[in-house]
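# Understanding the architecture of this molecule
If you want the building blocks of each chain, they are given just below.
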Amino acid sequence: MKKERLDKILSHHGFGSRKDCKSLIHSGRVFVNESVCTNCDFSVDCDVDVVRIDDEILQIREHVYIMMNKCQNVVSSTKDGLHKTVLDLLSPDYKINYLGGDLHPVGRLDVDTEGLLLLTTDGKLTHTLTSPKNHVVKTYYARLKNPVDIETQKKYSDLFNSGLNVIAEGHEQSFVAKSATLIWPNEKKCEYLTEFGDASSEVLVSISEGKYHQVKRMFATVGNEVVYLKRLSVGPLSLDAGLKPGEYRELTADEIKLLLD
Ligand code: URA
């Protein structure tokens, strides 16, 4: 249960400096649970206490954890001159001052990539999930331009597995990718993999790093092209299949625990 000083909370919510907030509290305009509170040190229980200034009730939250099924044509950043951002998809209820930090997307998906994107105010979690040192596994569903026969599937799998020398793109240099896993429709039943037979243009790919256009460049390296990409999981967290592109929900307590443990 997060507790925070009353003057600090007010300052965080744009009521001026700590000194301004102390004066405001002393003026008798600040209420905690419907009683006037003139004690600047009052320790507010952020989950339970209701803080009101005149008629304005403050939305007090330390952190928020949101799972989004990112749709195409929105960018995974907080600002963009050209496109809508993932923050623009959120209801105004989420556009508040969080005590724990600013709301931001965890890592990036390309503008044309769909699927699981986390948004949070918890910088520590963001670091855990995105630091290259942690090798967090991310799984994607990819649809390829050229269907791949069984023999070539095996070739792709071996190449991805053994550390592909990924081609350069623009200013991005070539690099040797960490071992990645491919799963083809003949190998596993999965709601996303629907094509069965001698060739497939569908595949699941799991990578443990997050270089620029990594999945697209890996398939370009083996002479194919990704025409559709959707992220299905990040570490232990899977995309809620009930979320349509552009929809989101807060993580459950169990999901948050899964990520923080
Ligand atoms: N790899 C890509 O090429 N694009 C993404 O959006 C994510 C991983």
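Time to look at the overall build of the protein. A tally of regular secondary structure across the protein gives six helices and 19 strands. Here the C-alpha atoms of the protein give a radius of gyration of 23 Å, more than 25% beyond the 18 Å that 2.2 N^0.38 yields for 261 residues. With the C-alpha coordinates aligned to their principal axes, the bounding extent of the protein is approximately 75 × 35 × 35 Å. Of all 261 residues assigned to the protein, the portion counted as buried reaches 45%. Just so you have it, the protein exposes about 13,800 Å², and 49% of that area is on carbon and sulfur atoms. Looking at the protein, you have 33 positive and 38 negative side-chain charges, and the mean spots of the two groups are 4 Å apart.

With that out of the way, let us pick up the packing of aromatic side chains. Tallied over the entire structure, the rule returns six aromatic pairs. Arranged with centres 6.0 Å apart and planes meeting at 80 degrees, the rings of tyrosine 94 and tyrosine 248 form a pair that is edge-to-face. Placement of tyrosine 94 in the loop between strand S9 (84-85) and strand S10 (104-105) and of tyrosine 248 in strand S19 (residues 248-250) is noted, with a sequence separation of 154 residues between them. Here the aromatic residues Tyr156, Phe160, Trp184 and Phe219 are joined through ring pairs into a cluster of three or more. Positioned above the aromatic ring of phenylalanine 31 is the side chain of arginine 52, whose terminal nitrogen or guanidinium carbon lies 4.1 Å from the ring centre.

Attention shifts here to the site of the ligand. As a structural note, the neighbourhood of the ligand is formed by Leu109, Asp110, Thr113, Tyr140, His213, Gln214, Val215, Lys216 and Leu229. One of the side-chain nitrogen or oxygen atoms of threonine 113 is found 2.9 Å away from an oxygen atom of the ligand. Interatomic distance of 3.3 Å between a backbone N/O atom of histidine 213 and an oxygen atom of the ligand. Starting from 230 Å² of accessible surface for the ligand in isolation, the protein chains cover 96%. The element best represented in the shell around the ligand is helix H5 (residues 214-221), accounting for three residues. By residue class, the composition of the shell around the ligand is four nonpolar, three polar and two charged.

Looking at helix H2 (residues 18-26), one finds that the buried residues are Cys21, Leu24 and Ile25. One face of H2 carries all of its buried residues, which in axial projection span an arc of 100 degrees. What points out from H2, more than 90 degrees from its buried face, is the exposed set Lys19 and His26. For H2, the secondary structure elements touched by its buried residues are helix H1 (6-12), strand S2 (30-32) and strand S5 (51-53). A positive backbone phi angle near 85 degrees is found at glycine 28, which sits one or two residues after H2.

Ranked by internal contacts, the top residues of the largest apolar core, which has 37 residues, are Phe160 and Phe219. Elements with a minimum of two residues in this core: strand S7 (65-70), strand S11 (114-120), strand S12 (138-149), helix H4 (150-162), strand S16 (199-207), H5 and strand S17 (226-234). Examining the composition of this core, we find that four residues originate from one element, S12, more than from any other. With sequence-adjacent residues up to four places away left out, phenylalanine 160 is seen in contact with Lys178, Ser179, Ala180, Leu182, Val205, Met218, Phe219 and Val222. Of all hydrophobic cores here, the second largest spans 20 residues; its members include Tyr65, Met67, Leu193 and Leu259.

With that settled, the discussion passes to the pattern of salt bridges. A side chain of one charge can pair with a side chain of the opposite charge if their charged atoms are brought near each other. Counting across every chain of the model gives 18 salt bridges. Here aspartate 41 and arginine 5 are joined by a salt bridge, their closest N and O atoms 3.0 Å apart. Of the two residues, aspartate 41 is situated in the loop between strand S3 (35-36) and strand S4 (43-45) and arginine 5 in strand S1 (residues 3-5); the sequence distance between them amounts to 36 residues.

Rules of the game
Residues numbered from 1 in each chain as written. Predicted model: local features only at pLDDT ≥ 70, side-chain atom pairs only at ≥ 80, totals over all residues. Heavy atoms only, no water. Helix = DSSP H or I, 4+ residues; strand = E, 2+ residues; numbered from the N terminus. Rg over C-alpha atoms; globule rule 2.2 N^0.38 Å. Buried < 20%, exposed > 50% of the residue type's maximum accessible area, 1.4 Å probe, protein only. Areas by Shrake-Rupley, 256 points an atom, 1.4 Å probe, with all protein chains shown as cover. Lys, Arg positive; Asp, Glu negative; His and termini not counted. Charge placed at Lys NZ, Arg CZ, Asp CG, Glu CD. Phe/Tyr/Trp six-rings, centres within 6.5 Å; stacked < 30°, edge-to-face > 60°. Lys NZ or Arg CZ within 6 Å of the ring centre and 35° of its normal. Near = heavy atom within 4 Å. Polar contact = N/O pair within 3.5 Å; in protein donor to acceptor, adjacent residues only side chain to side chain. Nonpolar A, V, L, I, M, F, W, Y, C, P; charged D, E, K, R; others polar. Arc of directions from axis to C-beta. Contact = heavy atoms within 4.5 Å. Core = buried A, V, L, I, M, F, W, Y, C linked by side-chain atoms within 4.5 Å. Salt bridge = Lys/Arg side-chain N within 4 Å of Asp/Glu carboxyl O.

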